[in-house]
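Residue-level listing of the chains:
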Amino acid sequence: MTKKRPNYIIVYCDDLGYGDLSCYGSSQMKTPHLDRLAEEGVRFTNWYSNSPVCSPSRAALLTGKYPARAGVSHILGGRRGTAGLKTSLPSLPKTLKAAGYRTALFGKWHLGASAEHGPNAHGFDEFFGFRAGCIDYYSHIFYWEQAGGVNPVHDLWHNEQEVWENGEYMTEMITGKAVEYIEACPVEEPFFLMAGYNAPHYPMHAPKRYVDRFPDLPPDRRIMAAMIAAVDDGVGDIVAALKRKGVYEDTVIFFSSDNGPSTESRNWLDGTEDLYYGGSAGVFRGHKASLFDGGVREPAILSYPALIEGGETNGEVCAMMDIFPTFLELAGVSGEGCGIDGTSLVPMLEGSGSAPAGGERMLFWEYGEQLAVREGKWKLVLNGKLDFSRTAADAVHLSDVEADPGERVNLAERHPNIVRRLELAVRQWYDNLREEAVRP
């Protein structure tokens with residue numbers, strides 16, 4: 001008897017911090033549906049985004065490559081016609097589609113604002129959502145490049161057709177489209193669905209019924225909690241649809257976020273230019289745009305009842321680029337020729353292996369002037385920043401992230417040999433990236 005190929009659902013949030021879910025220690029947020037998903041699957045505590053900002057993180061997730069190797073190292077613009085992820089690259093939806101999967105994306109794309117680089121061009125049969133990095137949750141207009149002389153632009157699409165749904169809350173539309181899709185898919189045909197929630201990315205919008213759930217929180221945390229609660233309800237609706245359809249056991253659900261919480265003042269519309277702290281990175285240092293763990297360590301949950309008993313907490317070092325090879329292996333699809341940098345987690349999930357790369361995995365990052373590497377308990381950050389605007393005090397910062405997960409104590413002077421070895425490794429990796437980028 002042939003083993004049934006799993007369905008796949010990726011639920012990907014935007015600017016969600018490690019400390020913004022109750023199953024990751026928050027006493028303020030209420031995320032019962034995500035908590036239940038974690039109880040029925042694996043909750044990862046050392047899961048990393050491959051970038052501290054959105055477009056590169058999504059590129060790594062969907063190609064299995066380091067962002068620079070996928071050609072996306074920075075935040076892509078939202079102006080119509082903006083190029084993005086090259087269509088010549090193998091992608092997760094394209095590869096699964098070729099293997100007989102139905103594919104759909106509802107919500108945020110942010111890997112090219114032109115139709116030529118949009119979701120349909122990358123293997124998604126069905127797309128409903130927006131191509132830019134963020135939109136108003138009710139008018140679905142992209143406003144945030146006006147400083148560069150770009151006019152606001154409406155950004156809501158069904159495949160390549162512009163559609164208008166004025167007044168509809170984007171988070172709820174994403175959930176509704178996902179549920180409709182699950183209900184319409186034939187049981188015998190596997191599907192890959194990505195729910196790309198823009199929450200809790202600015203602008204900070206949520207219906208009153210969600211805001212009213214958190215009467216005792218200060219305003220900045222209250223609106224953040226409301227936006228996350230709307231996503232949590234969406235996850236509950238998606239899981240309920242799978243169970244009604246009778247396919248929950250055979251569906252892999254992966255939940256995470258592209259990067260850590262934003263401190264940008266435009267998050268909070270109170271007329272001030274001070275930093276915003278509505279989102280929480282938990283104990284970790286740094287926020288969005290930082291290569292300290294607050295910018296790149298993410299909550300991550302993986303559920304697959306047919307394989308995973310549930311109730312597991314996993315502390316192995318994993319990254320977004322590992323999803324591509326993991327999904328391919330579970331589906332029995334070859335990744336040969338895809339140039340994957342990630343490593344399949346299947347042996348670890350099946351209980352026959354531990355660390356995805358075996359032993360002490362070395363994981364690298366680059367963003368702007370920053371470089372970082374983690375190997376085992378050691379994390380080295382060069383030219384580190386705390387967010388978009390603030391630079392860390394030390395240009396070379398070595399941490400023992402097992403003893404000091406907040407990266408508060410700089411051990412660089414105590415361990416110069418470790419610094420030299422890790423710095424050499426990350427600079428060689430970065431030089432190889434640059435050489436690869438200029439090759440014809």
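Our structure's up above, just so we're on the same page.
Residues numbered from 1 in each chain as written. Predicted model: local features only at pLDDT ≥ 70, side-chain atom pairs only at ≥ 80, totals over all residues. Heavy atoms only, no water.

Draft legend 1. Main features of the overall build of the chain. What the chain contains, in helices and strands, is ten helices and 18 strands. On C-alpha atoms alone, the chain measures out to a radius of gyration of 20 Å, which is about the 22 Å that the 2.2 N^0.38 rule sets for 440 residues. Summarising its shape, the C-alpha atoms of the chain cover approximately 60 × 60 × 50 Å along the three principal directions. The buried share of the chain, reckoned over its 440 residues, is 60%. Once local pairs closer than 6 in sequence are excluded, the contacts in the chain between residues at least 24 apart make up 70%. Entry remark: accessible area of the chain is about 16,700 Å², with carbon and sulfur atoms responsible for 49%. (Helix = DSSP H or I, 4+ residues; strand = E, 2+ residues; numbered from the N terminus. Rg over C-alpha atoms; globule rule 2.2 N^0.38 Å. Buried < 20%, exposed > 50% of the residue type's maximum accessible area, 1.4 Å probe, protein only. Contact = heavy atoms within 4.5 Å. Areas by Shrake-Rupley, 256 points an atom, 1.4 Å probe, with all protein chains shown as cover.)

Draft legend 2. Quick look at the sheet that holds strand β11 (residues 251-257). Strand order in the open sheet formed by ten strands is β9-β8-β5-β4-β10-β1-β11-β12-β2-β13, with mixed pairing between adjacent strands. Across the chains shown, the open sheet's two edge strands, defined by having one partner strand only, are β9 (161-162) and β13 (312-314). Bridge count for strand β1 (residues 7-13) against strand β10 (residues 191-196) is five bridges, and the pairing is parallel. Each residue of the ladder has a partner; that of I10, found in β10, is M194. Across the sheet, helix α1 (residues 32-39) lies against β2 (42-44), β11 and β12 (300-303), angled at about 60° from β12, the strand it touches most. (Pairing = 2+ DSSP bridges. Axes fitted to C-alpha atoms, helices over the stretch in contact; angles between N-to-C directions.)

Draft legend 3. Seen up close, the packing of aromatic side chains. With the rule as written, the count across this model stands at 19 aromatic pairs. Members of the aromatic cluster, joined through ring pairs, are F142, Y143, W144 and Y202. Positioned above the aromatic ring of Y248 is the side chain of K243, whose terminal nitrogen or guanidinium carbon lies 4.8 Å from the ring centre. The residue whose ring lies beneath R285 is F292, and the NZ or CZ to ring-centre distance is 4.3 Å. (Phe/Tyr/Trp six-rings, centres within 6.5 Å; stacked < 30°, edge-to-face > 60°. Lys NZ or Arg CZ within 6 Å of the ring centre and 35° of its normal.)

Draft legend 4. Spatial organisation of the side chain of R361. Its location among the elements puts R361 in the loop between α9 (346-350) and β15 (362-367). Within the local environment of R361, its side chain forms a polar contact with the backbone oxygen of V317, the two atoms lying 3.3 Å apart. (Polar contact = N/O pair within 3.5 Å; in protein donor to acceptor, adjacent residues only side chain to side chain.)

Draft legend 5. Region of the structure containing the packing of helix α4 (residues 170-184) against helix α6 (residues 219-245). Across the interface, α4 lies against α6 with an axial gap of 9 Å and an inter-helix angle of 10°. Between α4 and α6, the angle falls in the class roughly parallel. Counting all contacts with α4, which are made through T171, T175, A178, V179, I182, E183 and A184, the residues of α6 involved are A230, V231, G234, D237, I238, A241, L242, R244 and K245. Here the contact of α4 with α6 is built from residues that sort into nine nonpolar, three polar and four charged. (Parallel < 35°, antiparallel > 145°, perpendicular 65-115°, else oblique. Nonpolar A, V, L, I, M, F, W, Y, C, P; charged D, E, K, R; others polar.)

Draft legend 6. Structural context of the pairing of β1. The buried fraction of β1 is high, at seven of seven residues. The alternating pattern of β1 places N7, I9, V11 and C13 on one face and Y8, I10 and Y12 on the opposite face, and all of these are buried. Of the pairings in the sheet, the one linking β1 to β11 comprises seven bridges and is parallel in character. Among the inter-strand pairings, N7 is bridged to a residue of β11, identified as T251.

Draft legend 7. Expanded view of helix α2 (residues 54-63). Along α2, ten of the ten residues are buried, which leaves the element largely enclosed by surrounding structure. Of all the residues in α2, the buried ones are C54, S55, P56, S57, R58, A59, A60, L61, L62 and T63. Of the surrounding secondary structure, the elements contacted by the buried residues of α2 are β1, α3 (92-98), β4 (102-108), β10, β11 and α8 (323-331). Positive backbone phi, at 75°, marks G64, one or two positions downstream of α2.

Draft legend 8. Representation of the pattern of salt bridges within the structure. One pass over the structure, following the stated rule, counts 26 salt bridges. Its salt-bridge partner being R80, residue E162 comes within 2.9 Å of it at the nearest N-O pair. With E162 in strand β9 and R80 in the loop between α2 and α3, this residue pair connects regions lying 82 residues apart in the sequence. What makes E162 partly exposed here is its relative accessible area of 23%. Its salt-bridge partner being D212, residue K208 comes within 2.6 Å of it at the nearest N-O pair. Residue classification places D212 among the partly exposed residues on the basis of a relative accessible area of 38%. Each of D14, R58, K108 and D258 takes part in one network of salt bridges that share partners. (Salt bridge = Lys/Arg side-chain N within 4 Å of Asp/Glu carboxyl O.)

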